[in-house]
Amino acid sequence: MPLVKSFCPGGVTSFFEPYKLRSKNKKLTKDLKIGARGGGFTLGKGTTTSIQTSRSRNNKINIFIRKKPITNFNTTKTVTELLLEKTDRKYQIKINHNIDLPIGAGYGTSAAGALSTALAINEALGLGMTFDELGFYAHLAEIKCKTGLGTIGPQMVGGCIIQREGGPPGLCKIDRIPINRSYRIISGFFRPISTSKILSSSTLNKIISLEGRKTMQTILSNPTLENFLAKSEEFASNIGLMTAKIRQVIKITKKNGSVGATQNMLGEAFHGVVDTQRVHEVLDALNSHDPMSKFFSTTIDFEGARLI
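The structure contained in this document is the topic of the report that follows. (Residues numbered from 1 in each chain as written. Predicted model: local features only at pLDDT ≥ 70, side-chain atom pairs only at ≥ 80, totals over all residues. Heavy atoms only, no water.)

## A few points about the packing of aromatic side chains
To keep it simple, the criterion reads: Centres within 6.5 Å make a pair out of two Phe, Tyr or Trp rings, where for Trp the six-membered ring is used; the pair is then stacked when the planes are under 30 degrees apart, edge-to-face when over 60, and tilted otherwise. Secondary structure elements are taken from DSSP: a helix is a run of H or I of four residues or more, a strand is a run of E of two residues or more, and numbering for both begins at the N terminus. Only protein chains enter the accessibility calculation, which uses a 1.4 Å probe. A residue is then buried if its area is under 20% of the maximum for its type, exposed if over 50%, and partly exposed in between. A positively charged side chain is recorded as over a ring if its NZ (Lys) or CZ (Arg) lies within 6 Å of the ring centre. The angle to the ring normal must also be within 35 degrees.
For the structure on display, the rule yields eight aromatic pairs. Judged by centre distance (6.1 Å) and plane angle (70 degrees), the rings of Phe16 and Phe235 are edge-to-face. Residue Phe16 is found in strand β1 (residues 4–20), and its partner Phe235 is found in helix α7 (residues 225–238); the two are separated by 219 residues along the sequence. Like Phe16, the residue Phe235 is buried in the burial classification. Between Phe190 and Phe295, the ring centres sit 6.2 Å apart and the planes meet at 80 degrees, which makes this aromatic pair edge-to-face. One end of the pair, Phe190, is in strand β8 (residues 183–191); the other, Phe295, is in strand β11 (residues 294–299), and 105 residues separate them in sequence. For Phe295, a relative accessible area of 11% corresponds to the buried category. Over the ring of Tyr19 we find Arg37, and its NZ or CZ is 3.7 Å from the ring centre.

Structure (structure tokens):
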């Protein structure tokens, strides 16, 4: 079979509120009634996925990152298994991800892997599924693997996202704050934070839910980019996961010309929004402060996941 390629932008979540959906939709199992409201940005950097398929006696899935085999990229594996249930035929599927962002640091790499895989498998196997249907199964894979609560929907849309209601694509309600395309994201990563551990902690979930709800209300009362970033920074500080290192780089980023900055949800990482003309100034200040860390800039993606 010919090679099929797709791309899904990475994403940074600036704030979120886990909650249970009150939907009577019969498609929603108990797992799928777990969702999140929140907001963030989709990134020009992301995951490019290549898929090769061949007929086989039994289904076999091989996953690679930059052509190196990997066994624990479970969200990609799970969405592949879900989609293979949509055909009576058996396939050997080779999936290769080229990931431009750090893994496990709140850049939406698990979601990007799942969504780009779903798009490519649908094309390769001729499943005839719609964009929302594919997003539904990518979202389901994320919930099953506890790698996220609502990253898929924003990565399908692109921009500066306000997710007013959570749930799978087709049911979630996504809005955007209109922003100038000249803005860039400045970001840096220090270490991962286990998303599954955070999402499994009832105590942390209560704190995050309360702060997330307050943040959404204050942002919607004044939906500007400046207010979005300022309130997201307050959220990150109030939930108790912000380290001294993150506080310092946020301060430096703001001092040198960013519109605002906050912590990635979830990771010891941060993102700020900067006009193109100030990017080098901000990066120079960050590199002078911490020459050993990797800081980078990227565009904001306004298109969302797609075949390429």
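## With respect to unusual backbone geometry
Here Met265 and Leu266 are connected by a cis peptide whose omega angle stands at 10 degrees. Even without glycine at this site, Arg66 takes up a positive phi of about 50 degrees. The residue Arg66 is located in the loop between β3 (60–65) and β4 (68–69) in this model. The class for Arg66 is partly exposed, based on a relative accessible area of 47%.

## A few points about the layout of surface pockets
To keep it simple, the criterion reads: Each cavity reported here is a set of points on a 1 Å grid over the protein atoms alone in which a 1.4 Å probe fits but cannot get out, each pocket an open set with protein on both sides within 12 Å along at least five of seven lines, and each lining residue one with an atom within 4 Å of a point. Grid points are joined across faces, edges and corners, and a volume is the space filled by probe spheres set on the points. In this classification, Asp, Glu, Lys and Arg are treated as charged, Ala, Val, Leu, Ile, Met, Phe, Trp, Tyr, Cys and Pro as nonpolar, and every other residue, Gly included, as polar.
By volume, the second largest pocket amounts to about 360 Å³. Residue lining of the second largest pocket: 15 residues in total, with Pro18, Ile34, Leu149, Leu199 and Asn205 positioned closest to the centre. For the lining of the second largest pocket, the secondary structure elements donating two or more residues are β1, β2 (34–55), α5 (195–200) and α6 (202–220). Here the lining of the second largest pocket is composed, by residue class, of six nonpolar, six polar and three charged.

## A look at the environment of Leu199
Here Leu199 shows up in helix α5. As for Leu199 and Pro223, which are separated by 24 residues in sequence, their C-alpha atoms are 27 Å apart.

## Examining the packing of helix α1 (residues 74–84) against helix α2 (residues 109–125)
Quick note on the threshold: For helices, the axis comes from a line fit to the C-alpha atoms of the stretch in contact; other axes are also lines fit to C-alpha atoms, and the angle between any two N-to-C directions lies between 0 and 180 degrees. Geometric relationships in this document are graded by angle, where less than 35 degrees denotes roughly parallel, more than 145 denotes roughly antiparallel, 65 to 115 denotes roughly perpendicular, and other angles denote oblique. The hand of a helix crossing depends on one turn: near helix anticlockwise from the far one by less than a right angle means left-handed, and clockwise means right-handed. We call two residues contacting when some pair of their heavy atoms lies within 4.5 Å.
Orientation of α1 relative to α2, taken along the N-to-C sense of each, is 30 degrees, at an axis distance of 8 Å. When the interaxial angle is binned, α1 and α2 end up roughly parallel. In terms of crossing hand, the pair formed by α1 and α2 is right-handed. Between α1 and α2, the residues in contact are Thr75, Thr76, Val79, Thr80, Leu83 and Leu84 and Ser110, Gly113, Ala114, Thr117, Ala118, Ile121 and Leu125, respectively. Residues belonging to the contact of α1 with α2 are distributed by class as follows: seven nonpolar, six polar and no charged.

## A closer look at the pattern of salt bridges
Rule in force here: The term salt bridge refers to a pairing of a side-chain nitrogen on Lys or Arg with a carboxyl oxygen on Asp or Glu at a separation within 4 Å.
If you walk through the whole model with that rule in mind, you get 12 salt bridges. Across the pair Asp175 and Arg164 runs a salt bridge whose closest N-O atoms are separated by 3.1 Å. Of the two residues, Asp175 sits in strand β7 (residues 173–176) while Arg164 sits in strand β6 (residues 160–165), which places them 11 residues apart along the sequence. Between Lys231 and Glu234 there is a salt bridge whose closest N-O contact spans 3.5 Å. Of this pair, Lys231 and Glu234 both sit in helix α7, three residues apart, roughly one helical turn. Given a relative accessible area of 23%, Lys231 falls into the partly exposed group. A residue is classified by how much of its surface remains accessible, and Glu234, at 40% relative accessible area, is partly exposed. Among the charged side chains, a salt-bridge network with shared partners connects Glu17, Arg37, Glu165 and Arg213.

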